[in-house]
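Below, each chain spelled out in residue letters.
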Amino acid sequence: MRKLRDFSLVHFSVDHPRWVVAVTLLVTLLALSAFPKVRTDTNPKNMLPADSAVRVSNDAVEKTFGLYEDMIVVGIKNEAGVLNKTTLEKIKRINDGILKVPGVAARDVAGFSTIDNVTVDKGTLQVGPLMPEAPGDTRALEGLSKQLFENPMFVGRIISGDGKTAAIYVPLEKGANGKSIADKIREIVKTEGGPENYYVAGDPVARDTFGAEMFKLMAIFAPMAGLLMFAARYLMFGDLFLSAALMMDAMIATIWSMGLLIALGYPIHIMSSMAPVFLMAIATDSIHIFNEFYFRYREEKDKKTAIIKTMEAVGRPVRYTALATAAGFSVLLFMDIVPVKIFGGLVAFGTVLLRVLSFSFIPAMFTFVGEKSIEKASRGEDAQSSRISQFLAHLARLGAHKPQVVVLIGLALFVVAVYGTTRIKVNNNMVEWFTKSSEVRTADRVMNEALGGTSLGYLVVGSTGDEDEFIKSPQALRYIEGLQRSLEKLPTVGKTTSVVDYVKRIGRVLHKDDPAYDKVPESKELAGQYLFLFAMSAKPSDLDNVVDPYFKKANIWIQLKTWDAGAMHGVIEAAQNYQRDNPFPVEIKPAGIAYFNLVWNNAVLWDMIKGFLLALVVIFAILSVNFRSVKWAMVGYIPLLFTVILIYGAVGFAGKDFDMPISVLSCLSLGMAVDFAIHFINRFRLRLAEGRGAAAPESIEEALVWTAARPGKGVLRNAILFAAAFSVMLFAPLTPYITVGAFIVCMMLLSAVFCIIYIPALIVLFRKQLFAA
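Every value quoted in this text rests on a predicted model; they were computed, and no experiment measured them. (Residues numbered from 1 in each chain as written. Predicted model: local features only at pLDDT ≥ 70, side-chain atom pairs only at ≥ 80, totals over all residues. Heavy atoms only, no water.)

A. Structural context of the layout of surface pockets. Reported here for the largest pocket is a volume of approximately 480 Å³. What lines the largest pocket is a set of 21 residues, among which Glu 69, Asp 70, Lys 174, Gly 175 and Ala 176 lie closest to the centre. Take the lining of the largest pocket: its biggest share by element is 4 residues, from helix α8 (residues 203–237). Formed jointly, the lining of the largest pocket draws a minimum of three residues from each of two domains, domain 1 (1–50 + 238–381) and domain 2 (67–206). Roughly 280 Å³ of internal volume is contained in the second largest pocket. Together, 14 residues line the second largest pocket, and Phe 35, Met 218, Ala 222, Thr 254 and Pro 276 are the ones closest to its centre. (1 Å grid on protein atoms, 1.4 Å probe; cavity = no way out; pocket = protein on both sides within 12 Å on 5 of 7 lines; lining within 4 Å. Points joined across faces, edges and corners; volume = space filled by probe spheres on them. Helix = DSSP H or I, 4+ residues; strand = E, 2+ residues; numbered from the N terminus. Domains from an automatic or database assignment.)

B. Spotlight on the pattern of salt bridges. Applying the stated rule across the entire model yields 26 salt bridges. Notably, a salt bridge pairs Arg 107 with Glu 173, separated by 3.1 Å at the nearest N-O pair. Taken as a pair, Arg 107 in the loop between α5 (85–99) and β2 (116–121) and Glu 173 in the loop between β4 (165–171) and α7 (178–190) lie far apart in primary sequence, 66 residues in all. Here Lys 146 ties to Glu 150 by a salt bridge, and the two come within 3.0 Å at their closest N and O atoms. For Lys 146, a relative accessible area of 44% puts it in the partly exposed group. (Salt bridge = Lys/Arg side-chain N within 4 Å of Asp/Glu carboxyl O. Buried < 20%, exposed > 50% of the residue type's maximum accessible area, 1.4 Å probe, protein only.)

C. Focus on the sheet that holds strand β5 (residues 197–201). Strand order in this open sheet of 3 strands is β4-β1-β5, and the pairing throughout is antiparallel. Of all strands in the sheet, those with a lone pairing partner are β4 and β5, marking the two edges. Neighbour-to-neighbour, the strand axes of the sheet open up by a mean angle of 15°, direction not taken into account. Of the strand pairs in this sheet, strand β1 (residues 71–77) and β4 are connected by 7 bridges, and their pairing is antiparallel. (Pairing = 2+ DSSP bridges. Axes fitted to C-alpha atoms, helices over the stretch in contact; angles between N-to-C directions.)

D. Expanded view of the packing of helix α25 (residues 630–654) against helix α29 (residues 735–765). At a minimum axis distance of 9 Å, the contact between α25 and α29 shows a crossing angle of 140°. Relative to α29, α25 is oriented oblique. Judged by the sense of rotation from one axis to the other, the crossing of α25 with α29 is right-handed. Contacts between α25 and α29 involve Trp 632, Val 635, Ile 638, Pro 639, Leu 640, Phe 642, Thr 643, Val 644, Leu 646, Ile 647 and Tyr 648 from the former and Phe 743, Cys 746, Met 747, Leu 750, Ser 751, Phe 754, Tyr 758, Ile 759, Leu 762 and Ile 763 from the latter. Partitioned by chemical class, the residues of the contact of α25 with α29 number 19 nonpolar, 2 polar and no charged. (Parallel < 35°, antiparallel > 145°, perpendicular 65-115°, else oblique. Left-handed = near helix turned anticlockwise from the far one by under 90°. Contact = heavy atoms within 4.5 Å. Nonpolar A, V, L, I, M, F, W, Y, C, P; charged D, E, K, R; others polar.)

Now the structure itself:
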């Protein structure tokens, strides 16, 4: 037991470096063996647990009304109009080609040549394809145009009001890959050419294209971040071997973590795809070991002694920074969003691995470096001559000599930033996760401008009474019609469709297309007859999609012109207002992908608030334990909180929406940036303790300047390397990566600077309270 208690991982690693390196590489190869099994998941439904209320209710609605989970919208636009023989022939060929694509629910594709059209022939109701073949002459073209524009169910759905855009709605079989099908559709339309422009839009296109891009970025950005950090470290120390050792430390922890995740059967989500870059960046905390090692070597002139003394000096802050970072990520395990939980556990585990490697692999690698290389690298680590050290010392003097001015300026900026945070809006719009010029976003924008909208939500209107076939009653049909007209007044609602539209259309065509009969029937029996006649001839899905088999519930389709969560919120609010102003024995429940996005969006908001508050408590507790003082914890805490609020305030003023990745960062930013405060304060207090027995002990101000010039150099290097790792994300084609990259770069650099300025200012300002003993 005593031997175990006296065991030192650092000493063991220095004494047996080859064993440590060999075991490390063996475990790395084992982790790599899991990588071929990797799979991705960007389905928004899986953001929440399978038993969440919204998923259960949405699944029930899809089952009741025979709805498809995913729908692609194909747009064909001709500035001269689509109602000409050539364009219509292309639309027919495209439609026929789509029907053959594997994964497409061909029976329910809705376009000119497949959508059901209600007509009357010799007094008999006929339901058949609107355009079985492309019109061959002017008369046929005029007939098609009349059928299109006189049917409100077609206008805004398969034909734009100006006649320049046509649409084909392509439902997907369960489990089909939206990007794969979208790519096949693009191949089909590419063969047509001509003056027409073709667009492929819809949630599955955005979702699965994002997943494919995410997979590529994960494979590209982690190595890029590693190479950039390697180059930066080489410029800092000038030692190729040690620079490679630190990069290996980061890559090994990343491979172990990702390998375990894949081996356990977890898919890669948007957040976990960023984990390699996070781990690469977190690994930069080891720079404090390198930074101190070169200083120690100049003093000791013995490699092994320098390694041991380095780890003794920085061991405690390195352990606590790891604990703080891991705790910040572990907070995510208490969130409701599934990918966020996985991401939190993944990076927390990786952070612990990094610290284990810091006390084993890195000391072992130090032993392989030649004395001449260390001597050469250590020449630039003189705090008296180094320009960077002198710059940091100047910043510390500013805080130490003018603490009141520094703190007052900070307080003023803090107040302004707090106001900026009140302007923050959380919005998860997956289409806007692509850049403005991207194919996905362009298609969505064009289709939303021309037609009813690519985002689909539902409102299920159900009876609260016992009346049989309630939906067939004129009162229920008129109530639904009134609700539709109310919803269509919203600027984000492009079109609504319900059983009422079918009933009215059937009534009109049965009366020789007389507009006077384009209304709800006067009796329940007549409405029932209309629907019975329609059901006898139409595809089952036509009626199944808008009414349940017992006519107790009706489903209103709502096409929205944006994927913003606020659009569905507006629909629900408008429905509630209509229900309040028009009391009727019904209940109205929202459903569909647009509703799911709203619930998911709200979950992200509350997770952000919950996670941020929890992180505040956890990080403060860790600081208090580390410093063994609440007062010293406050000194380290205030600059950290100031930095976070300042950046969030700037985001609020800039009008940038918070999406899921940046919302998650609200929890993580505290855990990542607290490292600087832990290192600075621990080394400052250690410096004071070491100088107490001296004949002429340093003053507090002198100790602060020394801390900024020597350990502070490690803080700045850590921040630069961290920022360098995330700077690769600024060049991503996906906006969440760009946002996260910009946020982290600003966070790390500002945190380091504020740490050097504000911690000295606070220590001097409250020296009586801090040094009361």
